[in-house]
Amino acid sequence: MDSNNINLNRIAEALLFDYSSIYYVNAVTNEYEWYSFNPEFRSLKVESGGKNFFEDLVRDADQVIHEEDKHIFMEDMKKENLVGNMKKGTMQSMVYRLMIDGKPVWHTVRLIRGFSENDDYFILGVLNIDDEVKKQRQQEKLEKENNAFDQIASQLAGRYDTIFYVDLDTDYYVELSAVDIYRAADVPEEGNDFFEESRANAKRLVNRADLPKILEVFTKDKILKMLQKDSTVQVDYSLFIEEKLLYLRMSIMLTKDKKHLMYCVENRQSDMATEEALREIERKSKTYNQIATSLANRYDSIYYVDVETDKYEEYSASPEYKQLKLQTSGNNFFDESMLNIPKVIYEDDKEAVLDAIRKENILSQLNEIGTYSLTYRLMMEGKPCYMNLRVVWAEDHRHVIIGLQNVDAQIRKENDQKRALRSAREKALRDELTGVKNKNAYQEYENEIQKKIEDGSSEPFAMVVCDLNNLKIINDTYGHKAGDKYIREACKMICHTFTHSPVFRIGGDEFVAILTESDFDNREELMEHLQDAVMQNLHTATSAVLACGISDFDVTKDTKVSDIFDRADELMYENKRMLKAMAS
């Protein structure tokens, strides 16, 4: 394994992400280290490091992983499987249950950083997602139940010609009617006293022979008493409308909230229930609206758009979205959207949203892939807020449903994580003492040059290898603070000489500069300038003395970066011997 400082640099990024624990694994030797600030993980008595990550993983999994999930660690996390998935780029995350205090707690193990040709390590992060999984499963269960209830309610509603929806607290009612003949009976579509008005209408319309039983079910106390015994009360009767005798059946039931009654009337002479009746019932039914709200509560706003007429209705559950004061219904969704988008969308995203919301584009996407989504920024209280727009077909394939979801917190967290990752990576590639790039950065740069040499695309370059003279003497005589100052002074000499080239500190007293372009063209003059500065410092006890060697890339014979480095290193040692002789 590398030094502890390097390890901490590499995993610093992960600790910023609120992971429960981090595994740093050497992909070659299988050695690993484990980091965690979570007391729950410490209580599991998992080893903090070891010689073989994969063997210890199987051992620990057998002790602390839920029985049904052990196969993930016994099979999927085998070295050949895990490494293979990393190389293919398919390893993302694995979800499992960890047994804590005898209870299963959902976690996920995620690949934070994989290894490549340039790296011999990878980092895995463990994240507690128990609340998220449980919430998602509860939501899925609710949506499944609501969807099933919605379909059942729609199918049942299709049987009836008329439904009266009655509030038991106020006696207010709404009539949902699909058959025009009931309009001729002058029965109000809504009213404030269902039982009194229904008894009056019954006396006017119902066949005398059936009147007593109808009056009974139109008496509040009596019908509630009947429903205590049976979940549904049915009564068959007949009535006269426009001198026609209709034979009907009324089914009466309590709604699930026990606060409403439904009086459902069907024509026993015909079980017709047109699609128009069903749509009317669904549109007006408070029960349907409650179900729709439950299903849509993940969205801040939903638009229901008829793509044949362009008429629309908007259902909003978010007070923040309502503050935009957009119309909640209208006759031309797409034209009105083109007018509203420039007013409420963040300037940089306007063009993308305008293009996405065009009718022809929406229909094209839906017909091709069945769904359509876009993330953009909406201006809320003068600030850009990330939103996600998702479009799907409604079941009738005539309407589209456009859901808008506030994803600002999620997007901003992801952006913070990316910045933290970049910062941690830059820190891992920089030498803390001098501020120049470190050995890790040099190895990455060397690999890039090697690839160019192999494919014949390398530009001319030279390597300068520098080594400090007398560093040990400085440390022993004046202390390590003076030694650190000596190293920084030497680094400044190199950086000030090769101002257009990357400089790397690859050892305690060793530096490499890789010269390209103008520094390569002027390399002889620059080396003379550096040698002059060294000669001036040669007889000053604490001034930096550098031994240097330079070698050019020879396209006719050099096949490896190490070929150039070795030549420059050999010339550096010749220069070191010369400087020591001059100083004695």
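Below or above, wherever it landed, is the structure these notes cover. Small disclaimer: the values here were computed from a predicted structure and weren't measured.

1. Structural notes on the overall build of the chain
At step 1: Along the chain, the regular secondary structure elements total 22 helices and 22 strands.
At step 2: A buried classification covers 44% of the 584 residues belonging to the chain.

2. Points about the sheet that holds strand E21 (residues 510–515)
At step 1: Here we have four strands laid out as an open sheet, ordered E20-E21-E19-E22, and antiparallel in their pairing. Where the open sheet ends on each side, the last strands, each with one partner, are strand E20 (503–505) and strand E22 (546–552). For this sheet, the mean inter-axis angle between neighbouring strands, taken without regard to orientation, is 20°.
At step 2: Bridging between strand E19 (residues 462–468) and E21 involves six bridges; their strand directions are antiparallel. For Ala462, the partnering residue across the bridge sits in E21 and is Leu515.
At step 3: Along the sheet, helix H22 (residues 561–583) contacts E19, E21 and E22; its crossing angle with E22, the most-contacted strand, is approximately 145°.

3. What to know about helix H16 (residues 408–428)
At step 1: The end-to-end C-alpha separation of H16 is 30 Å, in line with the 30 Å expected for 21 residues at 1.5 Å each.
At step 2: Of all the residues in H16, the buried ones are Asp408, Ile411, Ala420, Ala424 and Ala428.

4. Looking at the pattern of salt bridges
At step 1: Considering all chains together, one arrives at 23 salt bridges under this definition.
At step 2: Residue Asp476 is joined to Lys472 by a salt bridge in which the shortest nitrogen-to-oxygen separation is 2.8 Å. On the criterion of helical spacing, the pair formed by Asp476 and Lys472 is a turn pair, its members being four residues apart in helix H18 (residues 471–478). One exposure class covers both Asp476 and Lys472, and it is exposed.
At step 3: Through salt bridges with shared partners, a single ionic network connects Asp56, Arg59 and Asp60.

5. Focus on a nonpolar patch on the surface
At step 1: Taken together, the side chains of Met535, Met578 and Met582 present a nonpolar region at the surface, about 240 Å² in accessible area.
At step 2: Inspection of the secondary structure puts Met578 in helix H22.
At step 3: The exposure class of Met578 is partly exposed, given its relative accessible area of 39%.

6. Comments concerning a negative patch on the surface
At step 1: Residues Glu524, Glu525, Glu528 and Asp532 make up a contiguous surface patch of negative charge.
At step 2: Of note, Glu524 is situated in helix H21 (residues 523–537).
At step 3: When its relative accessible area of 58% is taken as the criterion, Glu524 is described as exposed.

7. A look at the nonpolar core
At step 1: In terms of nonpolar packing, the biggest core is built from 48 residues, with Tyr442, Met463, Phe498, Phe511 and Leu546 touching the most fellow members.
At step 2: For Phe511, the residues in contact, after removing those within four places along its chain, are Thr434, Val436, Val464, Val465, Cys466, Leu468, Ile487, Cys491, Ile494, Val503, Phe504 and Arg505.

8. Focus on the pairing of strand E17 (residues 383–393)
Along a regular strand, successive side chains alternate from one face of the sheet to the other.
At step 1: Of all the eleven residues making up E17, eight are buried; the element is thus mostly covered by neighbouring parts of the structure.
At step 2: Judged from the ten bridges that link them, strand E16 (residues 371–380) and E17 form a sheet pairing that is antiparallel. Note that in E17 the partner of Met380 across the bridge is Lys383.
At step 3: Where E16 hands over to E17, the hairpin turn is made up of two residues, of which Glu381 adopts a positive phi near 50°.
At step 4: Across seven bridges, the pairing between E17 and strand E18 (residues 399–406) is antiparallel. From the neighbouring strand, Leu389 faces E18, where its bridge partner is Leu404.

9. So, the environment of Asp131
At step 1: Relative to the helices and strands, Asp131 resides in helix H6 (residues 130–157).
At step 2: Residues Asp131 and His107 lie 24 residues apart in sequence; the distance between their C-alpha atoms is 9.8 Å.

10. Looking at unusual backbone geometry
Negative phi values dominate among residues other than glycine, just as trans dominates among peptide bonds.
At step 1: Residues other than glycine seldom take positive phi values, yet Asn30 does so here, at roughly 75°.
At step 2: Secondary-structure assignment places Asn30 in the loop between strand E1 (21–26) and strand E2 (32–36).
At step 3: Despite not being glycine, Asp310 shows a phi value in the positive range, around 70°.
At step 4: Along the chain, Asp310 turns up in the loop between strand E13 (301–306) and strand E14 (312–316).

11. Observations regarding the packing of H18 against helix H19 (residues 480–497)
At step 1: At a minimum axis separation of 7 Å, H18 and H19 run at an interaxial angle of 145°. Contact residues: Leu471, Ile474, Asn475 and Tyr478 in H18; His480, Ala482, Gly483, Tyr486 and Ile487 in H19.
At step 2: Split into classes, the residues belonging to the contact of H18 with H19 amount to six nonpolar, three polar and no charged.

12. Here's the deal with the side chain of Glu510
At step 1: If you trace the backbone, Glu510 turns up in strand E21.
At step 2: Here Glu510 is buried and forms no salt bridge, its nearest opposite-charge partner Lys439 lying at an N-O distance of 8.0 Å.
At step 3: Not counting residues within four places of it along the chain, the set of residues in contact with Glu510 comprises Val465, Cys466, Asp467, Phe504, Arg505, Phe565 and Asp569.

13. Focus: the packing of aromatic side chains
Geometrically, a pair of aromatic rings is defined through the distance of the ring centres and the angle of the planes.
At step 1: Across all of its chains, the model carries 20 aromatic pairs by this definition.
At step 2: With a centroid separation of 5.2 Å and an interplanar angle of 85°, the aromatic rings of Phe333 and Phe334 are classed as edge-to-face.
At step 3: Put simply, the rings of Phe164, Tyr173, Phe194, Phe195, Phe218 and Tyr263 pair up and form one aromatic cluster.

14. Topic: the pairing of E19
At step 1: Along E19, seven of the seven residues are buried, which leaves the element largely enclosed by surrounding structure.
At step 2: Neither face of E19 is left uncovered, since the one carrying Ala462, Val464, Cys466 and Leu468 and the one carrying Met463, Val465 and Asp467 both have all their residues buried.
At step 3: Where E19 lies against E22, seven bridges are found, and the strand directions are antiparallel. Bridging across to E22, Asp467 finds its partner in Ala547.

15. Here's the deal with the state of the cysteines
At step 1: A full pass over the atoms with the stated rule returns zero disulfides.
At step 2: With no disulfide of its own, Cys466 has Cys548 as its nearest cysteine by sulfur position, at a separation of 3.2 Å.
At step 3: For Cys466, a relative accessible area of 1% gives the class buried.
At step 4: With no disulfide partner, Cys495 has as its closest neighbouring cysteine sulfur the one in Cys491, 3.9 Å distant.

16. Re the packing of H19 against H21
At step 1: Contact geometry for H19 and H21: axes closest at 9 Å, N-to-C directions at 155°. Between H19 and H21, the crossing angle belongs to the class labelled roughly antiparallel. The two elements H19 and H21 meet at a crossing, and its hand is right-handed. Between H19, through Glu489, Met493 and Thr497, and H21, the contact on the second element is made entirely by Leu526, His529, Leu530, Ala533, Val534 and Asn537.
At step 2: Each residue belonging to the contact of H19 with H21 can be placed in one class, and the counts come to five nonpolar, three polar and one charged.

Reading the values: the criteria
- Residues numbered from 1 in each chain as written.
- Predicted model: local features only at pLDDT ≥ 70, side-chain atom pairs only at ≥ 80, totals over all residues.
- Heavy atoms only, no water.
- Helix = DSSP H or I, 4+ residues; strand = E, 2+ residues; numbered from the N terminus.
- Buried < 20%, exposed > 50% of the residue type's maximum accessible area, 1.4 Å probe, protein only.
- Pairing = 2+ DSSP bridges.
- Axes fitted to C-alpha atoms, helices over the stretch in contact; angles between N-to-C directions.
- Contact = heavy atoms within 4.5 Å.
- Expected span 1.5 Å × (residues − 1).
- Salt bridge = Lys/Arg side-chain N within 4 Å of Asp/Glu carboxyl O.
- Patch = residues over 30% accessible without salt bridge, like charges linked within 9 Å, V, L, I, M, F, W, Y side chains within 5 Å.
- Areas by Shrake-Rupley, 256 points an atom, 1.4 Å probe, with all protein chains shown as cover.
- Lys, Arg positive; Asp, Glu negative; His and termini not counted.
- Charge placed at Lys NZ, Arg CZ, Asp CG, Glu CD.
- Core = buried A, V, L, I, M, F, W, Y, C linked by side-chain atoms within 4.5 Å.
- Nonpolar A, V, L, I, M, F, W, Y, C, P; charged D, E, K, R; others polar.
- Phe/Tyr/Trp six-rings, centres within 6.5 Å; stacked < 30°, edge-to-face > 60°.
- Disulfide = S-S within 2.5 Å.
- Parallel < 35°, antiparallel > 145°, perpendicular 65-115°, else oblique.
- Left-handed = near helix turned anticlockwise from the far one by under 90°.

Worth remembering: the numbers are spatial, not functional.
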